[in-house]
Amino acid sequence: AQKITQTQPGMFVQEKEAVTLDCTYDTSDPSYGLFWYKQPSSGEMIFLIYQGSYDQQNATEGRYSLNFQKARKSANLVISASQLGDSAMYFCAMRRGETSGSRLTFGEGTQLTVNP
Amino acid sequence: NAGVTQTPKFQVLKTGQSMTLQCAQDMNHEYMSWYRQDPGMGLRLIHYSVGAGITDQGEVPNGYNVSRSTTEDFPLRLLSAAPSQTSVYFCASRLLVGHTIYFGEGSWLTVV
């Protein structure tokens, strides 16, 4: 069975500083995809970044980067230069292989608060 | 481009009532799925579909039915609502090729 673990229920960071949100996963599938989503208080799910299990390099999207350590089964999200608008709930999620469509397994989330 | 559209956005039901949450996408995505999100938790998969005429159960399917008669639409039916089904419901879709998964804006359902 697949499992995503986010061990930080809440995180605080000062504006303009970097923050790392932790995510570990458990799967026996050789092929999988890892996602990070942001959920602001308005409730929508906003896609941030994706990492495929066979990708050699860590994914980056603007201020977001994914620190992928396959042997440790971790996929931490790094947000550089935090902004007040980054305050939200962040979810790590995993998809099995390429045939699982939009079936994702989610972690329980980390509530990030950016302080001015 | 409307993306993934869910209706209604808010709904209050009485225990035992039935209703359908609508989900439509205009991106010709093969894959569609329904999730529920309970307070303080991540999303959990209810049902999914890999194409018109094909559906399957996810992690928490009990109390819900789905159908996929067209590529565009994937309605979620609650046959006899229970308070335990009070949740936020998200519809999601994806192309066969590529990894980006698109979510609707969510439907807030309260069963009293």
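In the block above lies the structure referred to throughout.
The following paragraphs examine the structure supplied in this document.

Let us look at the interface of chain B and chain A. Note: interface size is frequently given as the accessible area lost on complex formation between the parts. Across the boundary between the two partners, chain B contributes 20 residues, which contact 20 residues of chain A. In total, chain B and chain A occlude about 1700 Å² of area from one another, counting both sides; carbon and sulfur atoms represent 60% of this. In this assembly, chain B and chain A are joined by zero salt bridges. The interface formed by chain B and chain A includes four residue pairs in polar contact (both at pLDDT 80 or more). Of all the secondary structure elements, the ones that give two or more residues to the side of chain B that touches chain A are strand 4 (31-37), strand 5 (43-51) and strand 9 (87-94) of chain B. At five residues, the largest contribution of residues to the side of chain B that touches chain A is made by strand 4 of chain B. Per-class residue counts for the side of chain B that touches chain A are 12 nonpolar, six polar and two charged.

Okay, the pattern of salt bridges next. All chains considered together, the criterion is met by six salt bridges over all chains. Residues A:R96 and A:D29 are paired through a salt bridge, measuring 2.7 Å at the closest nitrogen-oxygen approach. You can see A:R96 sitting in strand 10 (residues 88-96) and its partner A:D29 sitting in the loop between strand 4 (24-26) and strand 5 (32-39), a full 67 residues away along the chain. One salt-bridge network, in which partners are shared between bridges, spans B:R36, B:D38 and B:R44.

Residue and element names in this part refer to chain B. Across the sheet, which stays open at both edges, the four strands sit in the order 1-3-8-7 with antiparallel pairing between neighbours. Looking at which strands have only one partner, the edges of the open sheet turn out to be strand 1 (4-7) and strand 7 (64-66). Shown here is a sheet whose adjacent strand axes are inclined to one another by a mean of 20°, direction ignored.

Okay, the packing of aromatic side chains next. A full pass over the atoms with the stated rule returns 14 aromatic pairs over all chains. The interplanar angle of 85° and the centroid separation of 5.1 Å between the aromatic rings of A:Y37 and B:F103 together place this pair among those described as edge-to-face. Within this pair, whereas A:Y37 is found in strand 5, its partner B:F103 is found in strand 10 (residues 102-103), the two belonging to separate chains. Of the two residues, A:Y37 and B:F103, both sit in the buried class. Consider the rings of B:Y35 and B:F103, whose centres lie 5.9 Å apart with planes at 45°: the pair is tilted.

Cut-offs and rules
- Residues numbered from 1 in each chain as written.
- Chains lettered and ligands numbered in written order.
- Predicted model: local features only at pLDDT ≥ 70, side-chain atom pairs only at ≥ 80, totals over all residues.
- Heavy atoms only, no water.
- Contact = heavy atoms within 4.5 Å.
- Buried area = accessible area lost by both parts, 1.4 Å probe.
- Salt bridge = Lys/Arg side-chain N within 4 Å of Asp/Glu carboxyl O.
- Polar contact = N/O pair within 3.5 Å; in protein donor to acceptor, adjacent residues only side chain to side chain.
- Helix = DSSP H or I, 4+ residues; strand = E, 2+ residues; numbered from the N terminus.
- Nonpolar A, V, L, I, M, F, W, Y, C, P; charged D, E, K, R; others polar.
- Pairing = 2+ DSSP bridges.
- Axes fitted to C-alpha atoms, helices over the stretch in contact; angles between N-to-C directions.
- Phe/Tyr/Trp six-rings, centres within 6.5 Å; stacked < 30°, edge-to-face > 60°.
- Buried < 20%, exposed > 50% of the residue type's maximum accessible area, 1.4 Å probe, protein only.

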